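Here is how the chains run, residue by residue.
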Amino acid sequence: GVKLLLHGLCSNTTVKSLDLKGNNLRTMGAEALGKLLRQNKSIQSLILEWNSLGVWEEGFSFFCQGLGANNFLQRLDLRNNQINHQGAGELAMALKQNASLQELDLRWNNIGLLGGRALLNCLHSNKTLKRLELAGNNVPSDILKAVEQAMDHNQDRQTILRETQNRTYILSKEVLSLKDEKTKQFLDLMDTIDKQREEIARSGRMSAARVSQLQEALDEQHSIMNSLKAKLQMTEAALALSEQKVHNLGELLNATKQEQNSMAERHFTELQQQKQEGADREGKLLRDLSAASEKNLLLRNQVDELEKKCKVQQDQLFQVKQDLTNTTAELKLRAMQAEEHLEMEKRRFKQSLEDVESLRLKEVDHMTQHIEASERSMQDRIQRLEAIRIALEEELSQVKAAALTERGQAEEELIKVRNRARLEEQQRLEHLEEKLRLMTESRDEAQNCCLKQKQMVAEAHAKANQLSLHADGLRRRLEELQQDLNSKEEEKVTEVNKVKVELQEQIGHLQAERTAQEGLREKIAALERQLKALSSNHREALLDKEGEISMLLEKLRMKEADISRMREEEAQRASFLQNAVMAYVQGSSLGTHSSRK
């Protein structure tokens, strides 16, 4: 029945504890248990109390082979199984191969001195067993104490390994968190750089569009100027024709030349006054233009310092566009008004000429009477025409000056934008070079720290070699080694924290550079490799020291074994002497009895 049950459990993956106490298992059961231990990967606790497995040597050896091949069982109970020193030797061979068993109960068996020594020797290679019960087996107290010391040593070793694993896990978590933070900061930097580039491209497009609009406005103004010039030529031609007609009538108007001269002088003085007023106006306009240009320069400087206020710039550009459209519309309206005014004047002049001709034809006889009235009307008309011509010339000069000033401002803006872009690129390059220099310095510091740690490890090895020579002070020096290990671990933690702080500072400095990102990745990888190298060196140092401690413990055990052997030999000698003395006493007593008889 046990064979069938264990055969079914070989492929089971859910049963974790198996209790077969008091079932009188024999060779077939022991073999089935060995097969179960080889194939099953889920059972962690096995109780085999009161089964007399030690009686069946072949079955028990097969069971021990299965135990050596198993790597999942953690607790085994073999109490009251009549295991002798040969079975204990087979168990010792199995324990040398097993790497998962933590508790083994062998109480109330027949292990004896030889079995205890075999189990003690197997504990040198087994480092997972935490608890080994050997009570009621006629094992000497020295061996029991050595077993307890080995169990304590295994427990300490496992606690140290757990602590180191926890520390490495915490360090790996911190490194992963640092990597996540770095990737987030890197992505943020990429986003900010892309946004800045998009804003620069938008501003460039807006400036190009503005320049194109200004050029179109200038072209329109040039076309308007050309049309106005053509109209002025037409008016000049009309005036030439009127002058010819007036010259024809000049013979009649010779008498009125003096009055015309006086009127011309007055008109000249008025023109001078108007010119002075125009000059004053032009000075005011130039001052306003200079103040506006200064304001524009200040605004542009503020825009360069505060790139985030691009929306305000866009609003200002939109306002400037509206102003340009308004000015162009006003200029067009003024041109249309001037054309209409010229046409009206032409019509009036034609009507006046027709009236003059009709008057000349009809009232030739009465010309002498109406000469004064006609002369006055002609003078008034001439003054009006001259005033219109002066106003048109002034408007043309103002339009030309405004166009020239706007074109100069646009060119100055383009030059300033180019200079600013060049300066920003130079500043960025200098900043990147400084950061590269800082990163190289940090790498050199990390390498120096690694060299110092290697020197410390070499000193620790030298101290361990010196300690191996002195066998009398092993315990005190072991405590000193543990203190050294703790101090080194603290130094390692502090150094790791320092490296983390340095990394955080460097990450804080690197916020606006895309070209230095590959260098940062390589340096972070180098730092991680250094951390791994440090951890590996620390682990190697721990393993070396553990090996040295195990060697020292083995020497102690060998010495204790020698001492126990000496004691046994002395006990045997004492027993031989006691037997000899007893035999001698008995022989002497028999001799005295025979002599008396």
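Residues numbered from 1 in each chain as written. Predicted model: local features only at pLDDT ≥ 70, side-chain atom pairs only at ≥ 80, totals over all residues. Heavy atoms only, no water.

In the nomenclature of an unreviewed UniProt entry, the chain corresponds to LRC45 protein from the organism Cochlearius cochlearius. Turning to the chain, the UniProt annotation filed under Subcellular location (unreviewed entry) states: "Cytoplasm, Cytoskeleton, Microtubule organizing center, Centrosome". (UniProt positions renumbered as here; feature names shortened; annotations may be inferred.)

(A) Summary view of the overall build of the chain. Check the secondary structure of the chain and you find eleven helices and five strands. Scored against the burial criterion, the 597 residues of the chain give a buried share of 29%. When contacts within the chain are restricted to residue pairs at least 6 apart in sequence, those whose partners lie at least 24 apart make up 88%. Working note: accessible area of the chain is about 40,400 Å², and carbon and sulfur atoms make up 53% of it. (Helix = DSSP H or I, 4+ residues; strand = E, 2+ residues; numbered from the N terminus. Buried < 20%, exposed > 50% of the residue type's maximum accessible area, 1.4 Å probe, protein only. Contact = heavy atoms within 4.5 Å. Areas by Shrake-Rupley, 256 points an atom, 1.4 Å probe, with all protein chains shown as cover.)

(B) Inspection of the UniProt feature "coiled-coil region" (unreviewed entry) in the chain at higher detail. In this numbering, the UniProt entry assigns the feature "coiled-coil region" (unreviewed entry) to residues 211–245 and 289–569. For residues 211–245, the end-to-end C-alpha separation is 50 Å, with 100% helix and 0% strand making up the annotated structure.

(C) Main features of the pattern of salt bridges. Counted according to the given criterion, the structure contains nine salt bridges. Two residues, Arg79 and Asp77, come together in a salt bridge whose shortest N-O distance is 2.9 Å. Asp77 sits in the buried class, given a relative accessible area of 2%. With its nearest N and O atoms 3.5 Å apart, the salt bridge here joins Asp105 to Arg79. Of the two residues, Asp105 sits in strand 4 (residues 103–105) while Arg79 sits in the loop between strand 3 (75–77) and helix 4 (85–97), which places them 26 residues apart along the sequence. (Salt bridge = Lys/Arg side-chain N within 4 Å of Asp/Glu carboxyl O.)

(D) Highlighting the sheet that holds strand 4. The five strands lie next to each other as 1-2-3-4-5, forming an open sheet whose pairing is parallel. Two strands close off the open sheet at either side, each with one partner strand: strand 1 (17–19) and strand 5 (131–133). Neighbour-to-neighbour, the strand axes of the sheet open up by a mean angle of 0°, direction not taken into account. (Pairing = 2+ DSSP bridges. Axes fitted to C-alpha atoms, helices over the stretch in contact; angles between N-to-C directions.)

(E) Structural detail: unusual backbone geometry. Its identity as a non-glycine residue notwithstanding, Asn24 has a phi of 55°, on the positive side. In this fold, Asn24 is placed in the loop between strand 1 and helix 2 (27–39). Look at Asn80: it is not a glycine, yet its phi comes out positive at around 55°. Counting through the fold element by element, Asn80 comes out in the loop between strand 3 and helix 4.

(F) Focus on the nonpolar core. Judged by nonpolar contacts, the single largest core of 45 residues is most densely connected at Leu48, Leu76, Leu78 and Leu106. When contributions to this core are tallied by element, the ones reaching two or more residues are helix 1 (2–9), helix 2, helix 3 (57–69), helix 4, helix 5 (112–122) and helix 6 (141–248). For Leu78, the residues in contact, after removing those within four places along its chain, are Leu48, Leu53, Phe63, Ile83, Leu91, Leu104, Asp105, Leu106, Arg107 and Asn109. (Core = buried A, V, L, I, M, F, W, Y, C linked by side-chain atoms within 4.5 Å.)

(G) Spatial organisation of helix 3. Under the 1.5 Å per step criterion, the end-to-end length of helix 3 is 19 Å for 13 residues, consistent within 8% with the ideal 18 Å. Burial in helix 3 covers these residues: Gly59, Phe60, Ser61, Phe63, Cys64, Gly66, Leu67 and Gly68. Tucked inside the fold, the buried residues of helix 3 contact helix 2, strand 2 (45–47), strand 3 and helix 4. (Expected span 1.5 Å × (residues − 1).)

(H) Spatial organisation of the packing of aromatic side chains. Scanning all chains against the criterion turns up one aromatic pair. In this structure, Arg38 packs its charged tip against the face of Phe62, placed 5.0 Å from the ring centre. (Phe/Tyr/Trp six-rings, centres within 6.5 Å; stacked < 30°, edge-to-face > 60°. Lys NZ or Arg CZ within 6 Å of the ring centre and 35° of its normal.)

(I) Geometry of the side chain of Asn81. On the secondary structure map, Asn81 appears in the loop between strand 3 and helix 4. Its relative accessible area of 0% is what places Asn81 among the buried residues. Separated by 3.2 Å, the side chain of Asn81 and the backbone oxygen of Leu78 make a polar contact. In this structure, Asn81 is in contact with Leu48, Glu49, Trp50, Asn51, Ser52, Leu53, Gly54, Val55, Trp108 and Asn109, ignoring residues within four places of it in sequence. (Polar contact = N/O pair within 3.5 Å; in protein donor to acceptor, adjacent residues only side chain to side chain.)

(J) A nonpolar patch on the surface, seen in detail. Together, Val581, Tyr584 and Val585 line one region of the surface with nonpolar side chains, adding up to about 330 Å² of accessible area. If you trace the backbone, Val581 turns up in helix 11 (residues 517–596). (Patch = residues over 30% accessible without salt bridge, like charges linked within 9 Å, V, L, I, M, F, W, Y side chains within 5 Å.)

(K) Seen up close, the packing of helix 1 against helix 2. Running from N to C, helix 1 and helix 2 point in directions that differ by 5°, and their axes come no closer than 9 Å. The orientation of helix 1 relative to helix 2 falls into the category roughly parallel. Contacts from Lys3, Leu6, His7 and Leu9 of helix 1 reach helix 2 at Met28, Gly29, Ala32, Leu33, Lys35 and Leu36. By residue class, the composition of the contact of helix 1 with helix 2 is six nonpolar, two polar and two charged. (Parallel < 35°, antiparallel > 145°, perpendicular 65-115°, else oblique. Nonpolar A, V, L, I, M, F, W, Y, C, P; charged D, E, K, R; others polar.)

(L) Helix 2, seen in detail. In a regular helix each residue adds 1.5 Å, so 13 residues correspond to 18 Å; helix 2 covers 19 Å between its end C-alpha atoms and thus fits that length. Those residues of helix 2 that sit buried are Gly29, Ala30, Ala32, Leu33, Gly34, Leu36 and Leu37. Contacts made by the buried residues of helix 2 are with helix 1, strand 1, strand 2 and helix 3.

(M) Quick look at the packing of helix 3 against helix 4. One can describe the packing of helix 3 onto helix 4 by two numbers: an axis separation of 8 Å at closest approach and a directional angle of 15°. The orientation of helix 3 with respect to helix 4, classified from their angle, is roughly parallel. Pair helix 3 / helix 4 crosses with right-handed handedness. Two secondary-structure elements touch here, helix 3 through Glu57, Phe60, Ser61, Cys64, Leu67 and Gly68 and helix 4 through Gln86, Gly87, Glu90, Leu91, Ala94 and Gln97. Of the residues in the contact of helix 3 with helix 4, the class split is five nonpolar, five polar and two charged. (Left-handed = near helix turned anticlockwise from the far one by under 90°.)

(N) Local environment of the environment of Ala146. Tracing the backbone shows Ala146 in helix 6. Once the C-alpha coordinates of Ala146 and Arg557 are considered, the two residues, 411 residues apart in sequence, prove to be 7.3 Å apart. Filtering out sequence-adjacent residues up to four positions away, Ala146 remains in contact with Leu120 and Glu560.

(O) Representation of a negative patch on the surface within the structure. Side chains of Asp444, Glu445, Glu502 and Glu505 sit close together on the surface and give a patch of like negative charge. Among the secondary structure elements, those contributing two or more residues to the negative patch are helix 9 (367–469) and helix 10 (474–509). Here Glu445 is to be found in helix 9. (Lys, Arg positive; Asp, Glu negative; His and termini not counted. Charge placed at Lys NZ, Arg CZ, Asp CG, Glu CD.)

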